[in-house]
Amino acid sequence: MNFIPFNMDHNLKILKTEKSKIQDVDFNNFSFGSVFTDHMFECDFIDGKWINPIIKPYQTISVEPSASVFHYGQAIFEGMKAYKDKNDEVWLFRPDQNFERINRSAVRMAIPEFPKDLFFEALTKLVDLDRDWVKKGEGRSLYIRPFVIGNEYAIQAVPSKSYKFMIICAPATLYYTKKLKVKVADKFSRAASGGVGYAKAAGNYAGQFYPTNLAKKEGFDQIIWTDSNEHNYLEEAGTMNVFFRINDTLITAPTTDTILDGVTRKSIIQIAKDNGISVEIKKLKIEELKTAAKNGSLKEIFGAGTAAVVSEIKAFQHKGELYELETQNDSYAQRLKGNLVGIQTNELDDPHNWRFKI
Ligand code: COI
């Protein structure tokens, strides 16, 4: 990826921690998103401007109970990762895509956009400062979570006048450690047409917790969401976009206003094309999927997301009927994941210039 020139006028302050917590972390034994690095980035939007950018030791923030985020949910976030290669160089993967998406989410949620130069300066300096937290090895990376909250102390149902933009980082391992069994939604919905499904709005995730908990009680790991009008078309899985391999064609839903425009999704589409795999971006009906499962032409289903990377799905259930998939010798999921991770970790060539060196 081309280096973005930074405008250094922001006076990004850096306060380093006096004592790193890294020695206290058992990197072989922690769950995704539960441990945070030594530093964080914080910047406030006050009186129409993003001001006071600072990198400082990871710590609590203080907000009054009237802060608008608690009442009207003006909150958006991003998910991205840093990888360490065998020479200990640290790389981001397509960070320009996350930058563009957080501002698309911002526009939809009536949140002010964040400046590109400050985003990149904060991101690169923060990851550089905490680079010891980026571990090498299968499934290991540093998960980076930029987010914005409305924090005006007022409870009128109007957009907040002040905001906090932050970046926190968490060492990451595999998000899903086994093949998944999913339920295809036939009652609840994740997103409706005209709504905020395409934005990485915090509420999109909260709204899935209850139906996903119900599905988990029935023995499923996740839900594949369908369109909210008729529950006919397969959309996404909430933590990841989904791909279906029917015969030798890879099919995924187009990114409409109800589907997140996943960075991993678009990378997998490109890598599949680079591998000569036929890709169709089209709306797929659950009935077509069931027919393909019954006649044996459905070979694979997998999810793709930053946290999930490429996660294979071994079975799906729809309206009480369970369909199980056989393991493929030439698995597209495995091949595409290998290529993707190879590019992310600087093991493979990067023909599309996606890597960004810290
Ligand atoms: C990501 O993959 O970055 C996401 O935001 C999904 C989240 C549920 C961890």
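Residues numbered from 1 in each chain as written. Predicted model: local features only at pLDDT ≥ 70, side-chain atom pairs only at ≥ 80, totals over all residues. Heavy atoms only, no water.

Colleague: How do you make sense of the nonpolar core when you look at a structure like this?
Modeller: Within soluble globular proteins, side chains that are nonpolar tend to cluster in buried spots. Membership of the largest hydrophobic core comes to 42 residues, with the highest contact counts inside it found for Phe41, Ile144 and Phe165. Looking at this core, the element that brings in the most residues is helix H3 (residues 116–129), giving seven residues. If near-sequence neighbours (up to four positions away) are discounted, Ile144 is found in contact with Glu78, Gly79, Met80, Lys81, Ala82, Leu92, Leu123, Val127, Ile167, Ile168 and Cys169. Formed by 23 residues, the second largest nonpolar core is a distinct cluster that contains Val182, Leu234, Ala292 and Leu298. (Core = buried A, V, L, I, M, F, W, Y, C linked by side-chain atoms within 4.5 Å. Buried < 20%, exposed > 50% of the residue type's maximum accessible area, 1.4 Å probe, protein only. Helix = DSSP H or I, 4+ residues; strand = E, 2+ residues; numbered from the N terminus. Contact = heavy atoms within 4.5 Å.)

Colleague: Would you mind showing me how to read the state of the cysteines here?
Modeller: Note on terminology: disulfide describes a covalent bond linking the sulfur atoms of two cysteines. Counted by the stated rule, this structure contains zero disulfides. Between Cys43, a cysteine without a disulfide, and Cys169, which holds the nearest cysteine sulfur, the sulfur-to-sulfur distance is 16 Å. For Cys43, a relative accessible area of 0% translates into the label buried. (Disulfide = S-S within 2.5 Å.)

Colleague: Hey, could you run me through the packing of helix H5 (residues 263–274) against helix H7 (residues 332–344) in this one?
Modeller: If you want to describe how two helices pack, look at the angle between their axes and the distance between the axes. Where H5 meets H7, the closest approach of the two axes is 10 Å, and the angle between their N-to-C directions is 110 degrees. Classed by the angle they form, the pair H5 and H7 counts as roughly perpendicular. Between H5 and H7 lies a crossing of right-handed hand. Note on element contacts: H7 touches H5 through Leu336, Asn339, Leu340 and Ile343, opposite Thr264, Ser267, Ile268, Ile271 and Ala272. Taken together, the residues of the contact of H5 with H7 break down into six nonpolar, three polar and no charged. (Axes fitted to C-alpha atoms, helices over the stretch in contact; angles between N-to-C directions. Parallel < 35°, antiparallel > 145°, perpendicular 65-115°, else oblique. Left-handed = near helix turned anticlockwise from the far one by under 90°. Nonpolar A, V, L, I, M, F, W, Y, C, P; charged D, E, K, R; others polar.)

Colleague: Mind showing me how you'd approach unusual backbone geometry here?
Modeller: Most peptide bonds take the trans configuration, and most residues that are not glycine carry a negative phi. Non-glycine residue His231 carries a positive phi angle of around 55 degrees. With respect to the helices, strands and loops of the structure, His231 is situated in the loop between strand E10 (222–224) and strand E11 (241–246).

Colleague: Could you clarify how one ought to interpret the packing of aromatic side chains in this entry?
Modeller: Two numbers describe a pair of aromatic rings. These are the distance of the centres and the angle of the planes. Using the criterion set out here, one finds 23 aromatic pairs in the structure. Note on Phe36 and Tyr58: the rings are 5.3 Å apart at their centroids and 0 degrees apart in plane angle, and the pair reads as stacked. Of this pair, Phe36 sits in the loop between strand E1 (13–14) and strand E2 (39–46) while Tyr58 sits in the loop between strand E3 (49–57) and helix H1 (68–72), and the two are 22 residues apart along the sequence. The class for Phe36 is partly exposed, based on a relative accessible area of 23%. On the numbers, 6.0 Å between centres and 70 degrees between planes, the contact of Phe41 with Phe165 is edge-to-face. (Phe/Tyr/Trp six-rings, centres within 6.5 Å; stacked < 30°, edge-to-face > 60°.)

Colleague: So what exactly am I meant to see when it comes to the confidence of the model for the chain here?
Modeller: Detailed reading of predicted coordinates is not advised where the pLDDT is low. Per-residue pLDDT for the chain averages 95, and the proportion of residues at 70 or more is 97%. Across residues 2–7, where pLDDT falls below 50, the model places 13 contacts with residues more than four positions away in sequence or in other chains. (pLDDT = per-residue confidence, 0-100.)

Colleague: Would you mind going over H5 with me for this structure?
Modeller: Every α-helical turn comprises 3.6 residues, leaving residues that sit three or four positions apart pointing alike. Between the first and last C-alpha of H5 there are 17 Å, a value that for 12 residues agrees with the 16 Å anticipated at 1.5 Å per step. Inspection of H5 places Val263, Thr264, Arg265, Ser267, Ile268, Ile269, Ile271 and Ala272 among the buried residues, and these make up the whole buried set. Remark: Gly276 follows H5 within two positions and exhibits a positive phi of approximately 75 degrees. (Expected span 1.5 Å × (residues − 1).)

Colleague: Explain the environment of Ala191 here, please?
Modeller: Structurally, Ala191 is set in the loop between strand E9 (180–184) and helix H4 (202–217). The class for Ala191 is buried, based on a relative accessible area of 8%. Through-space distance from the C-alpha of Ala191 to that of Trp225 is 8.5 Å; in sequence the pair is 34 residues apart. In contact with Ala191, not counting residues within four places along its chain, are Gly197, Ser228 and Thr258.

Colleague: Looking at this structure, how should I read the site of the ligand?
Modeller: Neighbouring the ligand are the residues Phe77, Gly79, Tyr143, Arg145, Tyr175, Lys200, Thr239, Thr306 and Ala307. Between the ligand and Thr306 there is a distance of 3.4 Å, counted from an oxygen atom to a backbone nitrogen or oxygen. For the ligand, the protein covers 90% of the area, taking 280 Å² as the surface of the free molecule. Residue composition of the shell around the ligand, grouped by class: four nonpolar, three polar and two charged. Lining the shell around the ligand are residues from two domains, each supplying at least three of them: domain 1 (8–173) and domain 2 (180–344). (Near = heavy atom within 4 Å. Polar contact = N/O pair within 3.5 Å; in protein donor to acceptor, adjacent residues only side chain to side chain. Areas by Shrake-Rupley, 256 points an atom, 1.4 Å probe, with all protein chains shown as cover. Domains from an automatic or database assignment.)

Colleague: Which parts of the structure should I look at to understand the pairing of strand E13 (residues 278–281)?
Modeller: For a regular strand, side-chain orientation follows a simple rule: the groups alternate between the two sheet faces. Bridge count between strand E12 (residues 249–252) and E13: four bridges; the pairing is parallel. Paired with Thr252 across the bridge in E13 is Ile281. In the classification by handedness, the crossover that spans E12, the intervening H5 and the parallel E13 is right-handed. (Pairing = 2+ DSSP bridges. Right-handed = clockwise from strand over helix to strand, strands pointing away.)

Colleague: I would appreciate a short explanation of the domain arrangement of the chain in the present structure.
Modeller: Think of interface size as the accessible area that goes away when the parts come together; that is how it is often given. As assigned here, the chain comprises domain 1 (8–173) and domain 2 (180–344). The interface is formed by 20 residues belonging to domain 1 together with 21 residues belonging to domain 2. Both sides together, the interface formed by domain 1 and domain 2 hides about 1,800 Å², and carbon and sulfur atoms give 59% of it. Where domain 1 packs against domain 2, one counts one salt bridge. Scanning the region where domain 1 abuts domain 2 turns up 13 residue pairs in polar contact (both at pLDDT 80 or more). Elements with a minimum of two residues in the side of domain 1 that touches domain 2: strand E4 (75–77), strand E5 (80–84), strand E6 (90–93) and helix H2 (95–108). Among the elements that line the side of domain 1 that touches domain 2, the one with the most residues is H2, at six residues. Split by residue class, the side of domain 1 that touches domain 2 holds 10 nonpolar, four polar and six charged. (Buried area = accessible area lost by both parts, 1.4 Å probe. Salt bridge = Lys/Arg side-chain N within 4 Å of Asp/Glu carboxyl O.)

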